[in-house]
Amino acid sequence: MAEVLVLVDHADGRLRKATAELLTIARRLGEPSAVHIGPGADRAQVTLAKYGAHKVYVVDDADAAGFLVAPQAEILAALVEKVTPAAVIIPSNAAGKEIAARLAIKTSSGLITDAVDVRAGADGIETTQSVLAGSYTVTAKVTTGTPIIAVKPNSVPLEASPAPGVVEAFAVTVSDAAKAARVTDSQPKKATGRPELTEAAIVVSGGRGTGGDFSPVEEFADSLGAAVGASRAAVDAGWYPHAHQVGQTGKQVSPQLYVAAGISGAIQHRAGMQTSKTIIAINKDEEAPIFELVDFGVVGDLFSVLPQATAEVKKRKG
Ligand SMILES: Cc1cc2nc3c(=O)[nH]c(=O)nc-3n(C[C@H](O)[C@H](O)[C@H](O)COP(=O)(O)OP(=O)(O)OC[C@H]3O[C@@H](n4cnc5c(N)ncnc54)[C@H](O)[C@@H]3O)c2cc1C
């Protein structure tokens, strides 16, 4: 069975959840091989094996870490040449998409970004993407070279499937050109205790309807272990940090559950959340466009609805 390379998304071996999702997808296409670039592979190996990595290619030297994305693309290109994989699966985040684009050029291959589903079709690997602000669903296929596919977080439910996870060191000489930009400092983001917005299984977002008071949104999010998002109107008003903006010019999220509170549902907001599996809106205007795309809608004042929902969740959790 052909190998499928999966780029490991990690910080010093601490894996982002997306990596396990990519391995789950890779198992549909062939034999997953994780590619761990930088330090911490020992720490990551157990989880990589748990989610189906038959092999873990480890590239851990000074030339591989400490730079921006270019060395990672060169390393993947060298592995593509070595193992001729059935596909290369990469997380569809800002860094992942740049690595994928560079890799596509180096290997003369087709590239699909922001896939929300990947499967082995009768005639090769097929992907699904949600495009044009979520108004079209596209089925795509790479027709040249090795399929390089960047997959959005939360696209598939996690399924463990233990595999050997055999570590194999891989040495590559990274070019000087790829080392033109060095990371000189990095600091962990201040912990909020909440999950990362793009990775969270549940996102609760607030909009202009909050009037600047995000406390009911945060309390409901915390009762569910959810991340907090915001519309552009809310972040532009300075009510919530820009890093939490969901939408066309903000973060793209695709959680299992998205709750929009006091958000009208403008096309630019939809563009960032429309692929969520279940969508609930709370809005006091029953004509609000957000109600066109919801699975469940509550017509009401968020300052009354959210506290009741929070109390009910807490009661049921005991
Ligand atoms: C190029 C471009 C890019 C953009 N990118 C983004 C983006 O990435 N993300 C984004 O979100 N927007 C983006 N926008 C802005 C977008 O067009 C909308 O202006 C914005 O999404 C509106 O935010 P909102 O729904 O919070 O506010 P509004 O449209 O003002 O809606 C507020 C809603 O809250 C309801 N409400 C009021 N009070 C309550 C209450 N007490 N309880 C319940 N409901 C209440 C109202 O009925 C209303 O429906 C972009 C715009 C442009 C032009």
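Residues numbered from 1 in each chain as written. Predicted model: local features only at pLDDT ≥ 70, side-chain atom pairs only at ≥ 80, totals over all residues. Heavy atoms only, no water.

An unreviewed UniProt entry annotates the chain as Electron transfer flavoprotein subunit alpha/FixB family protein originating from Ornithinibacter aureus. Per UniProt, the comment on the chain under Cofactor (unreviewed entry) is "FAD". UniProt annotates the chain under Function (unreviewed entry) with the comment "The electron transfer flavoprotein serves as a specific electron acceptor for other dehydrogenases. It transfers the electrons to the main respiratory chain via ETF-ubiquinone oxidoreductase (ETF dehydrogenase)." (UniProt positions renumbered as here; feature names shortened; annotations may be inferred.)

For the rest of this paragraph, the subject is the overall build of the chain. Check the secondary structure of the chain and you find eight helices and 16 strands. In the chain, which comprises 318 residues, the share counted as buried stands at 49%. Put simply, 63% of the contacts in the chain that link residues at least 6 apart link residues at least 24 apart. Of the side-chain charges in the chain, 30 are positive and 34 negative, and the distance between the mean point of each set is 2 Å. (Helix = DSSP H or I, 4+ residues; strand = E, 2+ residues; numbered from the N terminus. Buried < 20%, exposed > 50% of the residue type's maximum accessible area, 1.4 Å probe, protein only. Contact = heavy atoms within 4.5 Å. Lys, Arg positive; Asp, Glu negative; His and termini not counted. Charge placed at Lys NZ, Arg CZ, Asp CG, Glu CD.)

Below, the discussion takes up the packing of helix H3 (residues 70-83) against helix H4 (residues 94-107). Closest axis-to-axis distance for the H3/H4 pair is 9 Å, and the angle between their directions is 45 degrees. It follows that H3 is oblique to H4 by the angle criterion. The chirality of how H3 crosses H4 is right-handed. Residues Ala-70, Gln-72, Ala-73, Glu-74, Leu-76, Ala-77 and Val-80 of H3 form the contact with H4, whose own contacting residues are Ile-99, Arg-102, Leu-103, Lys-106 and Thr-107. Taken together, the residues that form the contact of H3 with H4 break down as seven nonpolar, two polar and three charged. (Axes fitted to C-alpha atoms, helices over the stretch in contact; angles between N-to-C directions. Parallel < 35°, antiparallel > 145°, perpendicular 65-115°, else oblique. Left-handed = near helix turned anticlockwise from the far one by under 90°. Nonpolar A, V, L, I, M, F, W, Y, C, P; charged D, E, K, R; others polar.)

So, on to the sheet that holds strand E10 (residues 148-151). Spatial ordering of the open sheet is given by E9-E8-E7-E10-E6-E1-E4-E5-E11, a layout of nine strands whose pairing is mixed. The outermost strands of the open sheet, each flanked by one partner alone, are strand E9 (136-140) and strand E11 (166-169). With strand direction ignored, the average angle separating the axes of adjacent strands in the sheet is 35 degrees. By the bridge criterion, five bridges tie strand E4 (residues 31-37) to strand E5 (residues 55-59) in an arrangement that is parallel. Residue pairing in the sheet places Ile-37 in a bridge with Val-59 of E5. Strands strand E1 (3-7), E4, strand E6 (87-91), strand E7 (111-121) and E10 of the sheet are contacted by helix H1 (residues 17-26), whose axis makes an angle of about 165 degrees with E1. Along the sheet, H3 contacts E1, E4, E5, E6 and E11; its crossing angle with E1, the most-contacted strand, is approximately 170 degrees. (Pairing = 2+ DSSP bridges.)

Taken as a whole and judged by the stated rule, the model has two aromatic pairs. Taking the centre distance of 6.3 Å and the plane angle of 65 degrees together, the rings of Tyr-57 and Phe-170 count as edge-to-face. Placement of Tyr-57 in strand E5 and of Phe-170 in the loop between E11 and strand E12 (202-206) is noted, with a sequence separation of 113 residues between them. In this pair, the class of Tyr-57 matches that of Phe-170, namely buried. Measuring from ring centre to ring centre gives 4.4 Å for Phe-214 and Tyr-240, while their planes differ by 20 degrees; the resulting arrangement is stacked. A residue pair is termed long-range when its members are at least 10 positions apart, and Phe-214 in the loop between E12 and helix H5 (215-224) and Tyr-240 in the loop between helix H6 (232-236) and strand E14 (257-261) qualify at 26 residues. (Phe/Tyr/Trp six-rings, centres within 6.5 Å; stacked < 30°, edge-to-face > 60°.)

With that settled, consider the site of the ligand. Residues in close proximity to the ligand total 25 residues, the closest being Arg-208, Ser-231, Thr-249, Ser-264 and Gln-268. A distance of 2.7 Å separates an oxygen atom of the ligand from a polar side-chain atom of Gln-268. One of the side-chain N or O atoms of Asn-283 is found 2.7 Å from an oxygen atom in the ligand. When the ligand sits alone it has 980 Å² of accessible area, and the protein chains cover 75% of it. Class assignment for the residues of the shell around the ligand results in six nonpolar, 14 polar and five charged. (Near = heavy atom within 4 Å. Polar contact = N/O pair within 3.5 Å; in protein donor to acceptor, adjacent residues only side chain to side chain. Areas by Shrake-Rupley, 256 points an atom, 1.4 Å probe, with all protein chains shown as cover.)

Attention now moves to the pairing of E10. Every second residue of E10 is oriented toward a common face, with Ile-148 and Ala-150 on one face and Ile-149 and Val-151 on the other, all of them buried. Across four bridges, E6 lies against E10 in parallel orientation. From the neighbouring strand, Ile-89 faces E10, where its bridge partner is Ile-149. With three bridges joining them, E7 and E10 adopt parallel strand pairing. Paired with Ala-115 across the strands is Val-151, a residue of E10.

Another aspect to go through is the packing of H5 against helix H8 (residues 302-317). Closest axis-to-axis distance for the H5/H8 pair is 9 Å, and the angle between their directions is 20 degrees. Taken together, H5 and H8 sit at an angle that is classed as roughly parallel. With respect to the hand of their crossing, H5 and H8 are arranged in left-handed fashion. Within the contact between the two elements, H5 uses Pro-216, Val-217, Glu-219, Phe-220, Ser-223 and Leu-224 and H8 uses Leu-302, Phe-303, Leu-306, Ala-309, Thr-310, Val-313, Lys-314 and Lys-317.

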